There are 2 protein chains.
Amino acid sequence: MIKNFEQLLKEAAKSPGKKIAVAAAADLDVLLAVENARKQGIAGAILVGSEAEIKKIAADNNIDIGNYEVIHSDDNAESALTAAKQVAAGNASVMMKGLVDTYVFLKAILDKDIGLRTGKLTTQTTVFEIPGRDEFIFVTDPAITTAPDLAQKKDIIENACFVAHKLGYKNPMVAPVCAVEKFNPKMQATVDAQELHEMNERGEIKGCYVSGPVSLDVAVSKEAASHKGYKDKIGGSANILLMDDIESGNVLYKSIVYLAGGVGAGVVMGAKCPIVLTSRADSDVSKFYSIATAMLISE
Amino acid sequence: MIKNFEQLLKEAAKSPGKKIAVAAAADLDVLLAVENARKQGIAGAILVGSEAEIKKIAADNNIDIGNYEVIHSDDNAESALTAAKQVAAGNASVMMKGLVDTYVFLKAILDKDIGLRTGKLTTQTTVFEIPGRDEFIFVTDPAITTAPDLAQKKDIIENACFVAHKLGYKNPMVAPVCAVEKFNPKMQATVDAQELHEMNERGEIKGCYVSGPVSLDVAVSKEAASHKGYKDKIGGSANILLMDDIESGNVLYKSIVYLAGGVGAGVVMGAKCPIVLTSRADSDVSKFYSIATAMLISE
């Protein structure tokens, strides 16, 4: 089981030679992350975007652009489509978002002609290393699915489990995070949580344990679970935090990074390749870890 | 301006002699918090609940119950009503929730015959001290209002501003926290945020500055705001974080406490007195700070 990014980087470096296709790569943090991945033997890269801007940023920051294939594009949407085509053609095994809106980027992945779509929902799982915790925590979906319904939450769980399994979390505990632990028909999050628990019990969601409604404190803190008299085995031991919607997911993501000092690696699953889709405000370290995680779980 | 709980405790101790009425007080954390407040000259207390249990907990923990008025009640709902009556009668200036469900507790405050209701929405503001930050951050509403509409969000802001003003934050910056910074008609949180900004510009929400849609990273981090090219003056400087619903609010609350090592003091405004309503899983320190904050802002 991989418990932190130090271990993850070592594992990712065991399969060199794979490449990442970057859409709208003219961004310092993106290029630093890609260069870091190249130097540590984790991945090569095909950079799509404004060639002049990419070369200028590289030159200003001692990045030897000769180590990369650069495909010029002045337009962000075109840049995303071009990167997707590189993956579809087998030239790269992971796709990464640079300085382009998420919506525009995802549109390229879901483009019918290019062929990266699978029919499954594409959803993000972010792998977090948080000071004071012994293992990764997986948060999903903090970035893509606005207000998932029950069927979409099932897809989100399965995509997150795929990531967790690849990192050695064999039967991860999934906490559908709600504001309360009690089923309350007036709070849809608790209704969905109860349903997901029952679907898991009936074998309709496999490879994990899904609890009923549970609040974040009880999911991550044994003390809080004990004080509240919460009996389910997930108390304090959740591996995957399933968030009710993008608002709560995004808030958790941002508070872990900006208030708790955590570092996250985001990976989008559901297409034919893992996708690296970090926020424009994320650091180069976070982007680098995302690349490493995506590379590690790519086939 | 009061920037942390050390300063807040000193201010709160300047007006001794006021009392807090505790509903369902037979809880160790609650009693430790109340005893702490009494010893530091911040508040006396009227304890409502199982007399035998309260006395046993006190005896087991070196709390001299002779310093308190105890009113016996075996029933949680009755206990909440009795505590509310003590405030209505002028015997206490703050009401506090002990080991009783939030719903049952609030029902007593909203009881028409007792007279604590004002017609305003009762909403929670939590005052947070977070490691690495220089000032308090106010989060609202992480505990009561399930899915506030626009009018309710206005009430929530005004209640939070009341608390912030009392702590010396004269014209607080209010960030309606969304998953994105851009107005998006498909994301109700951003629609509401834009409306609230315009209401503030038209003078319909006073005593504060309300930005448009802003994500948590941009609200609390100048670096994130800068990297995203976010121009509004609230970037990195938000005082009050207005959460879209109880799910995102509760997640932020819990992640600050359980992942970021912060300490929060919850105060509910909107009734005739400040109300202390902490989660059953909150620590005695958090409950003590809540008492001090409620006492400080009570008239």
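These notes cover the structure that comes with them. All values derive from a computational prediction rather than experimental measurement.

Calculation criteria
- Residues numbered from 1 in each chain as written.
- Chains lettered and ligands numbered in written order.
- Predicted model: local features only at pLDDT ≥ 70, side-chain atom pairs only at ≥ 80, totals over all residues.
- Heavy atoms only, no water.
- Salt bridge = Lys/Arg side-chain N within 4 Å of Asp/Glu carboxyl O.
- Helix = DSSP H or I, 4+ residues; strand = E, 2+ residues; numbered from the N terminus.
- Buried < 20%, exposed > 50% of the residue type's maximum accessible area, 1.4 Å probe, protein only.
- Expected span 1.5 Å × (residues − 1).
- Polar contact = N/O pair within 3.5 Å; in protein donor to acceptor, adjacent residues only side chain to side chain.
- Contact = heavy atoms within 4.5 Å.
- Buried area = accessible area lost by both parts, 1.4 Å probe.

### Some details on the pattern of salt bridges
Next, step 1: With the rule as written, the count across this model stands at 28 salt bridges over all chains.
Next, step 2: Residues A:Lys154 and A:Glu158 are paired through a salt bridge, measuring 3.2 Å at the closest nitrogen-oxygen approach. Residue A:Lys154 and its partner A:Glu158 are located together in helix α6 (residues 150-166), separated by four residues, close to a single helical turn.
Next, step 3: Residue classification places A:Lys154 among the partly exposed residues on the basis of a relative accessible area of 22%.
Next, step 4: Two residues, A:Lys182 and B:Asp101, come together in a salt bridge whose shortest N-O distance is 3.1 Å. Of the two residues, A:Lys182 sits in the loop between β7 (173-176) and α7 (188-201) while B:Asp101 sits in the loop between β4 (94-97) and α5 (102-109), which places them in two different chains.
Next, step 5: Judged by relative accessible area, which is 30%, B:Asp101 ranks as partly exposed.
Next, step 6: Where salt bridges share partners, they join A:Glu181, A:Asp217, A:Lys228 and B:Lys254 into one cluster.

### A few points about helix α10 (residues 246-258) of chain A
Residues and elements named next belong to chain A.
Next, step 1: With 13 residues, α10 should reach 18 Å at 1.5 Å per residue; the first-to-last C-alpha distance of 17 Å fits that figure.
Next, step 2: In terms of residue burial, α10 counts as a mostly covered element, since eleven of its 13 residues are buried.
Next, step 3: Capping of α10 at its N-terminal end is provided by aspartate 245; its side-chain oxygen lies 3.2 Å from the backbone amide nitrogen of glutamate 247.

### Considering the interface of chain B and chain A
Next, step 1: The interface of chain B with chain A comprises 38 residues on the first partner and 38 residues on the second.
Next, step 2: Taking both sides of the interface into account, the surface hidden between chain B and chain A amounts to around 3,100 Å²; carbon and sulfur atoms contribute 66%.
Next, step 3: Interface area lost by chain B to chain A is led by B:His227, B:Glu247 and B:Leu259, which between them contribute 22%.
Next, step 4: At the boundary of chain B and chain A, one finds four salt bridges.

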